[in-house]
Amino acid sequence: MHDPNNDQTNRDAVLEVVRKMKPFDSGIPLVRYGGDFDGGYLLPNDFDGISACFSPGVSKIADFENDMARVYGMPCYMCDYSVDALPINHDLFDFEKVFLGKETIDEFMTLEDWIDQKFPEWDGQDFILQMDIEGAEYDVLPNISRRLMSSFRIIVLEIHYLRRELQPKNIAAFSNFIDVLTRDHQIVHLHPNNHGGDQSLATVFGIQVPRILELTLLRKDRTKQHQPIRNFPHRLDQKNVATKPDVVLPTEFYS
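Bear in mind that the values here come from a model prediction, so they are computed numbers and not experimental data.

**Re the packing of aromatic side chains**
And step 1. Applying the stated criterion across every chain yields a total of 15 aromatic pairs.
And step 2. Ring geometry for Y138 and F174: centres 6.0 Å apart, planes at 70 degrees, overall edge-to-face. With Y138 in helix α4 (residues 137-140) and F174 in helix α7 (residues 171-182), this residue pair connects regions lying 36 residues apart in the sequence. The residues Y138 and F174 share a single accessibility class, namely buried.
And step 3. Consider the rings of F174 and F177, whose centres lie 6.1 Å apart with planes at 25 degrees: the pair is stacked. Of the two residues, F174 and F177 are both situated in helix α7; the distance of three residues between them amounts to about one turn of the helix.
And step 4. An aromatic cluster is built from F54, Y77, W114, F119, F127 and F152, whose rings are joined through pairwise contacts.
And step 5. Taking NZ or CZ as reference, K97 lies 4.7 Å from the ring centre of Y81, over its face.

**Looking at the pairing of strand β12 (residues 201-204)**
And step 1. Of the two faces of β12, the one holding A202 and V204 is buried and the one holding L201 and T203 is not buried anywhere.
And step 2. Relative to strand β13 (residues 207-210), β12 runs antiparallel, the two sharing four bridges. Paired with A202 across the bridge in β13 is V209.

**What about unusual backbone geometry?**
And step 1. Between F232 and the following residue, P233, the backbone shows a cis peptide bond with an omega angle of 0 degrees.
And step 2. Checked against the element boundaries, P233 lands in the segment after β15 (227-228).
And step 3. Unusually for a residue other than glycine, D106 sits at a positive phi of about 55 degrees.
And step 4. Turning to its location among the elements, D106 is positioned in the loop between β7 (99-100) and β8 (108-109).
And step 5. Accessibility expressed as a relative area gives 72% for D106, which makes it exposed.

**Re helix α3 (residues 111-118)**
And step 1. When we look at burial in α3, the residues that qualify are L111, W114, I115 and K118. Down the axis of α3, the buried side of the element spans an arc of 95 degrees, and every buried residue falls inside it.

**Structural notes on the environment of G196**
And step 1. The topology assignment puts G196 in the loop between β11 (185-192) and β12.
And step 2. Taking relative accessible area as the criterion, G196 reaches 37% and is therefore assigned partly exposed.
And step 3. Between the alpha carbons of G196 and A13 there is a distance of 25 Å; along the sequence they are 183 residues apart.

**Some thoughts on the sheet that holds strand β5 (residues 76-79)**
And step 1. Here we have seven strands laid out as an open sheet, ordered β6-β5-β4-β9-β10-β14-β11, and mixed in their pairing. Looking at which strands have only one partner, the edges of the open sheet turn out to be β6 (93-96) and β11. The mean inter-strand angle of the sheet, taken between neighbouring strand axes irrespective of direction, is 15 degrees.
And step 2. With four bridges joining them, strand β4 (residues 52-56) and β5 adopt parallel strand pairing. Within β5, the position partnered with S55 by the bridge is M78.

Criteria and cut-off values
Residues numbered from 1 in each chain as written. Predicted model: local features only at pLDDT ≥ 70, side-chain atom pairs only at ≥ 80, totals over all residues. Heavy atoms only, no water. Phe/Tyr/Trp six-rings, centres within 6.5 Å; stacked < 30°, edge-to-face > 60°. Helix = DSSP H or I, 4+ residues; strand = E, 2+ residues; numbered from the N terminus. Buried < 20%, exposed > 50% of the residue type's maximum accessible area, 1.4 Å probe, protein only. Lys NZ or Arg CZ within 6 Å of the ring centre and 35° of its normal. Pairing = 2+ DSSP bridges. Arc of directions from axis to C-beta. Axes fitted to C-alpha atoms, helices over the stretch in contact; angles between N-to-C directions.

Here you go:
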């Protein structure tokens, strides 16, 4: 027999996690890098002193990494086992044919081992992490040290399969994942990906959620304020896919 009270309990649990993802104005303006449409991201304008960009997940474009190298002279380390080479070359680019995972074995490497290999003196440095690894983020990020997580001044992250992660059997682990992300960082921007067109939003116990959501986070010691953001989309936001309908961030994520 259907139990409406159980539905309400599940709805409340989803709302609790969604509210953990509420973005706040850090007092630092957001700027866009990576060009138009897919591959462009909004980041806080706080780049001075960042030593490198680590960007796991390689697609057909590398406009974001190209901007980091061109504008800031920042070395960019990229990895992905599913491709053989980068889409563009640059003297400051480094590519490793490997997937990130929760252990280093076969074609997988942990984030910590990868950074140890590429930037052995990372302790005390500030980095950017720009991650789009198709759902492997749930294995990778909870399994790194807090010290390494705190080395990322700015994190730009695509989280996938949000409808799946908010189901009752997964929601506790997903809630912990958000706790790990926000322990030392503040979410400063959210942007739903419209890759799925009309199917880019899913309904979970009556709450609309993006199937893919882009998050930008800034380490809390860099923030100047902590004010809720009330207006979406940001004026610099663009659709990921120009030919598909845009997706509006559901108000539950920021109201």
